[in-house]
Amino acid sequence: MDYSAHFHREIVAFEQAARGAADGADAPLIPSCPDWTMSDLVLHLGGVHRLVARVIRERLDRQPDITDATLFELPEDRDGWPAPTGGPHHGPVPVSLVDWFAEGAARLEALFRSEDPGLAVWTWSAERTAGFWLRMQTIEAALHRWDAERAVGGRARPIEPDLAVDAVTQTFEVMAPARRAWREAPPGAGERFRFRRTDGPDLWTVRFDGAEVRLTTGAADEDTEGASQDVELAGTASDLMLFLWQRLPADRLDKVTGDRAVLDRYFTLVPPV
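If you're wondering where the values come from, they're calculated on a predicted model, not measured in any experiment.

## Here we look at the pattern of salt bridges
- Applying the stated criterion to the full structure yields 21 salt bridges.
- One continuous salt-bridge network, built from bridges that share partners, spans Glu 10, Arg 145, Glu 149 and Arg 157.

## Quick look at the layout of surface pockets
- The computed volume of the largest pocket comes to approximately 1,400 Å³.
- Taken together, 42 residues make up the lining of the largest pocket; nearest its centre are Trp 36, His 44, Gly 47, Val 48 and Glu 140.
- If you list the elements that add at least two residues to the lining of the largest pocket, you get strand S2 (33–37), helix H2 (38–57), helix H4 (130–153) and helix H5 (161–183).
- Ranked by residue count, the leading element in the lining of the largest pocket is H2, at 7 residues.
- Counted by class, the lining of the largest pocket contains 26 nonpolar, 9 polar and 7 charged residues.
- In this structure, the second largest pocket encloses a volume near 260 Å³.
- Of all elements in the fold, only H4 and helix H6 (237–244) reach the threshold of two or more residues within the lining of the second largest pocket.
- The leading source of residues in the lining of the second largest pocket is H6, at 3 residues.

## Looking at the packing of aromatic side chains
- Counting across every chain of the model gives 14 aromatic pairs.
- Summarising the aromatic geometry, the rings of Phe 172 and Phe 195 are spaced 5.4 Å apart at their centres and angled 40 degrees between planes, so their arrangement reads as tilted. Taken together, the positions of Phe 172 in helix H5 and Phe 195 in strand S3 (residues 188–197) put the pair 23 residues apart, joining distant regions of the chain.
- Classification of Phe 172 as buried rests on a relative accessible area of 2%.
- Phe 195 sits in the buried class, given a relative accessible area of 1%.
- Taken together, the ring pairs connect Trp 122, Trp 124, Phe 132, Trp 133 and Trp 182 into an aromatic cluster.
- Note that Arg 179 overlies the ring of Trp 245, its terminal NZ or CZ placed 4.8 Å from the centroid.

## A short note on empty space enclosed by the protein
- One pass over the full model with this rule turns up 2 cavities of 30 Å³ or more.
- Quantified by volume, the largest cavity comes out at close to 50 Å³.
- Lining the largest cavity are Arg 50, Ala 53, Arg 54, Arg 57, Leu 71, Glu 73, Gly 104 and Arg 107.
- Those elements giving two or more residues to the lining of the largest cavity turn out to be H2 and helix H3 (95–114).
- Top element by residues in the lining of the largest cavity is H2. It accounts for 4 residues.

## Notes on the pairing of S3
- For S3, the tally of buried residues reaches 9 of 10 residues, placing the bulk of the element in the interior.
- Relative to strand S4 (residues 202–210), S3 runs antiparallel, the two sharing 8 bridges. Each bridged residue has a counterpart across the sheet, and for Phe 193 the counterpart in S4 is Val 206.
- Counting the residues between successive antiparallel strands, the hairpin from S3 to S4 contains 4 residues.
- With 5 bridges joining them, S3 and strand S6 (residues 231–235) adopt parallel strand pairing. Across the sheet, Arg 197 pairs through a bridge with Gly 235, a residue of S6.

## What to know about the side chain of Thr 123
- Residue position: Thr 123 is located in the loop between H3 and H4.
- Looking at Thr 123, the relative accessible area reads 0%, which means it is buried.
- Filtering out sequence-adjacent residues up to four positions away, Thr 123 remains in contact with Arg 128, Thr 129, Phe 132 and Trp 133.

## Overview of the UniProt feature "domain: Mycothiol-dependent maleylpyruvate isomerase metal-binding" (unreviewed entry) in the protein
- Mapped onto this numbering, the UniProt entry gives "domain: Mycothiol-dependent maleylpyruvate isomerase metal-binding" (unreviewed entry) at residues 12–148.
- This span, residues 12–148, is 50% helix and 5% strand, and a straight line between its end C-alpha atoms measures 12 Å.

Quick notes on the rules
- Residues numbered from 1 in each chain as written.
- Predicted model: local features only at pLDDT ≥ 70, side-chain atom pairs only at ≥ 80, totals over all residues.
- Heavy atoms only, no water.
- Salt bridge = Lys/Arg side-chain N within 4 Å of Asp/Glu carboxyl O.
- 1 Å grid on protein atoms, 1.4 Å probe; cavity = no way out; pocket = protein on both sides within 12 Å on 5 of 7 lines; lining within 4 Å.
- Points joined across faces, edges and corners; volume = space filled by probe spheres on them.
- Helix = DSSP H or I, 4+ residues; strand = E, 2+ residues; numbered from the N terminus.
- Nonpolar A, V, L, I, M, F, W, Y, C, P; charged D, E, K, R; others polar.
- Phe/Tyr/Trp six-rings, centres within 6.5 Å; stacked < 30°, edge-to-face > 60°.
- Buried < 20%, exposed > 50% of the residue type's maximum accessible area, 1.4 Å probe, protein only.
- Lys NZ or Arg CZ within 6 Å of the ring centre and 35° of its normal.
- Pairing = 2+ DSSP bridges.
- Contact = heavy atoms within 4.5 Å.
- UniProt positions renumbered as here; feature names shortened; annotations may be inferred.

Now the structure itself:
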């Protein structure tokens, strides 16, 4: 998959939504991130982009000091900008904040296009490459573009299908194990979940065994274990991704079958970030 092309489309769409909100009125709340307004969301994503850019540009092998203000290349005039902590921050979205975001996103995109994905750099994951950041930040850009569009228009375009499919896989390859470690989640007791895509052939089976998250992928026509799951969820690739990132409730999916108590336990096994 051409992650760089996806990254470009998503950051351009995010910027468009943010600029639409910079109209002099109070910043809209982000329904899917209730502690944030659009200003908080722009500051968050712009800050992440600059941190990742520093890591890749300087080939860092450890996390940079996030208390170092130079990391984020902030302009001197930040009138009306949200504070880096707390929220939601009301008041108009500053145009200068959106400009700062756009500049940082473009710089990161240029790095993604010019650097070898295999370049060894610090990440918070076991995979310590620039390619990890490209995949992660493409998914995050799509997720927050959806957040932003929903805030300004009430409706958001779905995630592109091929990116959403990859994001579902990445959830269980990367995010679920990381979240479990960060939040000291309880051990799994063999809970089995099946995620079935309704707009394509993809199928994901996940089992939580102790500290392990065991993922099997395949196609629906290869499925021979449909009756052995505790819970099965069916939906478009975009909706499954958004459910796993806690943007959509289960009742917004096409179909949910099995033990709802086990489904509820999913959010204990994979706590939110």
